[in-house]
Amino acid sequence: MVCMIMLGLTSGWIPPGVPGEWTWTAPNNKLSDREWLFAGASITGYLLYLLTMMRFVNGSRFHGLAVISLFPAALILQIGLHLSAPYGFGLAKWPICSFSPGCSGYFLIAKTEAAELPEFLVKYPEWIKSKDSLHIGTHPPGLIVSSWAWLHFWESHPNSARFFISNLPAEMRDGARNVLMKGTLSPSDQATLVSIGMTYWFLGALSVWPLYLLVRKLGGSPAIAFQISSFWPVIPSATMFQPASDIAFVPLVTFSVAVAYNCRQSRISTFQLIGLILSGVILGIGMFFSLVFLPAGLIIALLILSTPQVLIRTKAQQILAIGVGFLAITIFWGYVTGSNPLRIWYFNQINHGRFYIEFPRTYWKWLLADLGETAIGLSFPIFFLVLISLISQIRTERKQALTSPAVITALVLIALAISGKSLSEVGRLWLPFYPLLISSTVKMKPEPKPIPLHLWYICWSMIQLIWLQSIVQVVYPI
């Protein structure tokens, strides 16, 4: 399946988007011998790591070590996968895309317009009204503030910035030094751009732990939770869209759902109350950065409301506890910034609504494209594993399936697509919800064989990812 579909993309039989409206462009470089070597080493190394760790996750005293190792393993693997991309389309993306207004633009705003940050934030609700329908205009100020914080840090440590840049991998260093067509950014600016990308890299890889926690809450054994968490670093979207800010939201969304799911009982204990309030706090922090946390909040609310054999009063108390956490942190950041969050979100929504006016989409074509991009973004093997798991849950469990985070997430994403609010780029925009979909595979049976079957899925997912990087690029502006 991977070979057939990827050959179709390579030959042009399958378009990378909707021709005439939006298609992803191709890298202008081919893979070198060095990049093929990194590709082979990444696949082999990760499979050997998993084969080794699987010996420790079933009741061994080293079980905790295996779970802890998931995070550094994800970090290392994704570096290897970036080094497997054509030169200029791997690690070079981190500084280039953090700088380019066509990719993000938050750094440039922090650099040119937010020098006096308190004053900038006070005026943000009015300032955002006239911005674009792509990146800046559709986001609250959090991404600009985080860029400003890195810039302020490196400008205060110029010698450290020069040392940092001089010790980066060559491709990343070249990308940082050559983001301008003419002239060169200062070492502090270069270090800021790389640091922004590194922050998203760390947060994206960190998603393995909330995913492990969620699967355990769903009743998965340590072995199953480890296997499912090990899928995350080989998801094509998680690597190819680096350093898009959407990657940074993945662990927050997953963790907020996991701690809220822990509280699906008829009575709320003190520990569960703390979990619910924490979930609301995470959603409130997220809304300082992106409106993607709105559907995340909807998913959590539906999970609570769908809980069987729980009094409506108890469900209302649970949602109220989440609301308390959300309001507390939102009022806090609104007070600190001197701005009105409601006005910011309102204008963000208005700006986002202009996108489909400025860039018209053929509705039915993009519904099909959304399905295809989701399959590619998850990787074909994992997508069909998720699809089969969802269908199995719905067929065998019926009403109980509607209390599953994966089923509810799938329904919310389908509703977003059908409503016309999420046509195109779902491989990036839906990235924060992919771990919730992957959790559907919690019903997988533990593999007694020496080589677990899930390694087969992971192997072909990595092959697809490396192949895809060589024929499509998804973060540079078109």
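Higher on the page you've got the structure.
Residues numbered from 1 in each chain as written. Predicted model: local features only at pLDDT ≥ 70, side-chain atom pairs only at ≥ 80, totals over all residues. Heavy atoms only, no water.

A. Representation of the nonpolar core within the structure. Residues Y46, F120, I144, F226 and W232 are the most contacted members of the largest nonpolar core, which totals 144 residues. Of the residues forming this core, the biggest block, ten residues, is contributed by helix α3 (residues 63-83). Beyond its immediate chain neighbours, meaning those up to four positions away, I144 contacts Y106, I109, A110, A114, F120, Y124 and W127. One finds V18, Y356, W366 and A369 within the second-largest nonpolar core, a separate group that totals six residues. (Core = buried A, V, L, I, M, F, W, Y, C linked by side-chain atoms within 4.5 Å. Buried < 20%, exposed > 50% of the residue type's maximum accessible area, 1.4 Å probe, protein only. Helix = DSSP H or I, 4+ residues; strand = E, 2+ residues; numbered from the N terminus. Contact = heavy atoms within 4.5 Å.)

B. Spotlight on the packing of helix α17 (residues 293-305) against helix α18 (residues 312-337). It is at 9 Å that the axes of α17 and α18 come closest, and there the two elements cross at 160 degrees. Between α17 and α18, the interaxial angle falls into the category roughly antiparallel. The hand of the α17/α18 crossing is right-handed. Counted together, I300, A301, I304 and L305 of α17 and K315, Q318, I319 and I322 of α18 form the full contact between these two elements. Tallied by class, residues from the contact of α17 with α18 come to six nonpolar, one polar and one charged. (Axes fitted to C-alpha atoms, helices over the stretch in contact; angles between N-to-C directions. Parallel < 35°, antiparallel > 145°, perpendicular 65-115°, else oblique. Left-handed = near helix turned anticlockwise from the far one by under 90°. Nonpolar A, V, L, I, M, F, W, Y, C, P; charged D, E, K, R; others polar.)

C. Structural view of the packing of aromatic side chains. Enumeration according to the criterion identifies 26 aromatic pairs in this entry. Between the aromatic rings of W150 and F153, the centroid separation amounts to 6.1 Å while the plane-to-plane angle is 85 degrees, which identifies the pairing as edge-to-face. With W150 and F153 both in helix α8 (residues 142-155) and three residues apart, this pair spans about one turn of that helix. Between W456 and W460 the ring centres are 6.0 Å apart and the planes differ by 75 degrees, which places this aromatic pair in the edge-to-face class. On the criterion of helical spacing, the pair formed by W456 and W460 is a turn pair, its members being four residues apart in helix α26 (residues 454-471). You can call W460 partly exposed: its relative accessible area is 23%. (Phe/Tyr/Trp six-rings, centres within 6.5 Å; stacked < 30°, edge-to-face > 60°.)

D. Structural detail: the pattern of salt bridges. Applying the stated criterion across every chain yields a total of eight salt bridges. Across the pair E126 and R343 runs a salt bridge whose closest N-O atoms are separated by 2.3 Å. Of this pair, E126 sits in helix α7 (residues 124-127) while R343 sits in helix α19 (residues 341-353); the two residues are 217 residues apart in sequence, bridging distant segments of the chain. By sharing partners, the salt bridges in this structure join K111, E155 and D189 into a single network. (Salt bridge = Lys/Arg side-chain N within 4 Å of Asp/Glu carboxyl O.)

E. Layout of α19. Spanning 13 residues, α19 covers 18 Å between terminal C-alpha atoms, matching the ideal 18 Å at 1.5 Å per step. Every buried residue belonging to α19 is among P341, I344, W345, F347, N348 and N351, and all of these are buried. All buried residues of α19 lie within an arc of 165 degrees about the axis, which places them on one face of the element. For α19, the elements touching its buried residues are α7, α18 and α20 (355-358). (Expected span 1.5 Å × (residues − 1). Arc of directions from axis to C-beta.)

F. Geometry of the environment of G8. Within the fold, G8 resides in helix α1 (residues 2-11). Setting aside residues no more than four positions away along its own chain, G8 makes contact with W13 and I14.

G. Summary view of the packing of helix α15 (residues 246-261) against α17. Viewed as axis vectors pointing N to C, α15 and α17 meet at an angle of 15 degrees, and their least axial separation amounts to 10 Å. It follows that α15 is roughly parallel to α17 by the angle criterion. By crossing handedness, the relation of α15 to α17 is classed as right-handed. Note on element contacts: α17 touches α15 through F293, A296, I300 and L303, opposite F249, L252, V253, S256, V257, A260 and Y261. For the contact of α15 with α17, a count of residues per class yields ten nonpolar, one polar and no charged.

H. Summary view of the state of the cysteines. Overall, the coordinates contain zero disulfides when judged by the stated rule. Not part of a disulfide, C97 finds its nearest cysteine sulfur in C103, a span of 3.8 Å. Among the cysteines around C459, which has no disulfide bond, C3 carries the closest sulfur, lying 11 Å off. Judged by relative accessible area, C459 falls into the buried class, the value being 16%. (Disulfide = S-S within 2.5 Å.)

I. Just unusual backbone geometry, in detail. Across the junction of Q242 and P243, the peptide omega takes the value 10 degrees, indicating a cis bond. Counting through the fold element by element, P243 comes out in the loop between α14 (236-240) and α15. In the Ramachandran plot, S379 falls in the positive-phi region, its phi being about 85 degrees despite a non-glycine side chain. Examined against the element boundaries, S379 turns out to sit in the loop between α21 (363-378) and α22 (380-397). At E425, a residue that is not glycine, the phi angle is positive and equals roughly 60 degrees.

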